[in-house]
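# Coordinate inspection notes
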Amino acid sequence: MKYLFLLGVVVLAFACAPKKPKGPVEEYPEQPATKSAVEEVIANPTKGIGAVKNVTLKTPLEAGRVERGQAIYDMKCGACHKLTDQRLVGPGWKDVTKRRQPEWIMNMVTNVDVMLDKDPEAQKLFELCLVRMPNQNISIGDARDILEFMRKNDGEK
């Protein structure tokens, strides 16, 4: 009797198991492997590592962005960066938009920790300045405003 009860439980368990779908098995196309941050730098070392992949710059400069960028510079950046080519704690900003791609600048501002750890150009700056740039928790929108202010500082109209 005991064995009949156990056999009944086993049969009931198999009977209640979810049924597998019938019909053709769905196949998912193979997804291209995503690149690691280091692979992205190797693929295009001028854009840096981060969420910013493409930046569209407008001429003339966007006055509202320049104004907001200057306010952010005054509040968060000016203690370490001069607007000239002189180094204070960090490098001076003069002609930075002529030396670096806009994407690299914005990734450096918004993703500083990863940039300093993995981007060769950011690591060169770290070796030059001997001080790790602190993460200022700047949003991508604020970084775009800072970039516009840098463009004005570099003489763009």
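Above this text you will find the structure in question.
Let us look at the structure shown here. Along every chain, residues carry numbers that run from 1 in the direction the sequence is written. Local features in a predicted model are, by the rule used here, given only for residues with pLDDT of at least 70; side-chain atom pairs are given and counted only at 80 or more, and totals for whole chains, interfaces and linings are based on all residues. Note that water and hydrogens are dropped before the side-chain values are worked out from all heavy atoms of the structure.

## Quick word on the side chain of Arg151
For clarity, the threshold we go by: In this description a helix means any DSSP run of H or I spanning at least four residues, a strand means any run of E spanning at least two, and both kinds are numbered starting from the N terminus. We call two residues in contact when some of their heavy atoms are within 4.5 Å.
Its place among the elements puts Arg151 in helix H8 (residues 140–153). Ignoring sequence-local partners within four residues, the contact set of Arg151 consists of Leu57, Lys58, Thr59, Leu61, Thr97, Arg144 and Glu156.

## A word on the state of the cysteines
Counted only if it meets this: The disulfide criterion used throughout: a pair of cysteine sulfur atoms within 2.5 Å. Partly exposed describes any residue whose relative accessible area lies between the buried limit of under 20% and the exposed limit of over 50%, with all areas from a 1.4 Å probe on protein chains only and scaled to the type maximum.
On inspection of all chains with the given rule, the structure shows zero disulfides. Of all cysteine sulfurs, the one in Cys77 lies closest to Cys80, which takes part in no disulfide; the gap is 8.7 Å. Relative accessible area serves as the criterion here: at 25%, Cys80 is assigned to the partly exposed category. Free of any disulfide, Cys129 has its nearest cysteine sulfur in Cys80, 9.6 Å distant.

## Some remarks on a nonpolar patch on the surface
Heads up, the condition is: For patch detection, residues must exceed 30% relative accessible area and be free of salt bridges, and they are connected within 9 Å for like charges or within 5 Å for nonpolar side chains (Val, Leu, Ile, Met, Phe, Trp, Tyr). Note on areas: Shrake-Rupley with a 1.4 Å probe; residue coverage comes only from the protein chains shown. By definition here, a salt bridge exists when the distance from a side-chain nitrogen of Lys or Arg to a carboxyl oxygen of Asp or Glu is within 4 Å.
On the surface, Leu88, Val89, Leu130 and Val131 cluster together into a nonpolar patch covering about 350 Å² of accessible area. With respect to the element layout, Leu88 can be found in the loop between helix H3 (63–77) and helix H4 (96–99). Taking the relative accessible area as the measure of exposure, Leu88 reaches 40% and is therefore partly exposed.

## Comments concerning the packing of aromatic side chains
To keep it simple, the criterion reads: Each aromatic pair joins two rings of Phe, Tyr and Trp (for Trp, the six-membered one) with centres within 6.5 Å, and gets the label stacked for planes under 30 degrees apart, edge-to-face for over 60, and tilted for any other angle.
According to the stated counting rule, one finds two aromatic pairs in the structure shown. Ring geometry for Tyr73 versus Phe149: centroids 5.5 Å apart, planes at 40°, classification tilted. Residue Tyr73 is located in helix H3, and its partner Phe149 is located in helix H8; the two are separated by 76 residues in the primary sequence. We classify Tyr73 as buried; its relative accessible area is 9%. With relative accessibility at 6%, the residue Phe149 sits in the buried group. Clustering of aromatic rings is evident, with ring pairs tying together Tyr73, Trp93 and Phe149.

## Overview of the pattern of salt bridges
Per the stated rule, a full pass over the model turns up 11 salt bridges. Put simply, Glu62 and Arg65 hold a salt bridge, and the shortest N to O gap is 3.5 Å. For Glu62, a relative accessible area of 24% translates into the label partly exposed. Taking relative accessible area as the criterion, Arg65 reaches 23% and is therefore assigned partly exposed. With a shortest N-O distance of 3.0 Å, Asp117 and Arg132 are connected by a salt bridge. Here the residue Asp117 occupies a position in helix H6 (residues 112–118), and Arg132 occupies one in the loop between helix H7 (120–129) and H8, the gap between them amounting to 15 residues. Judged by its relative accessible area of 47%, Asp117 falls in the partly exposed class. Residue classification places Arg132 among the partly exposed residues on the basis of a relative accessible area of 35%. By sharing partners, the salt bridges in this structure join Glu62, Arg65, Arg68, Arg144, Asp145, Glu148, Arg151 and Glu156 into a single network.

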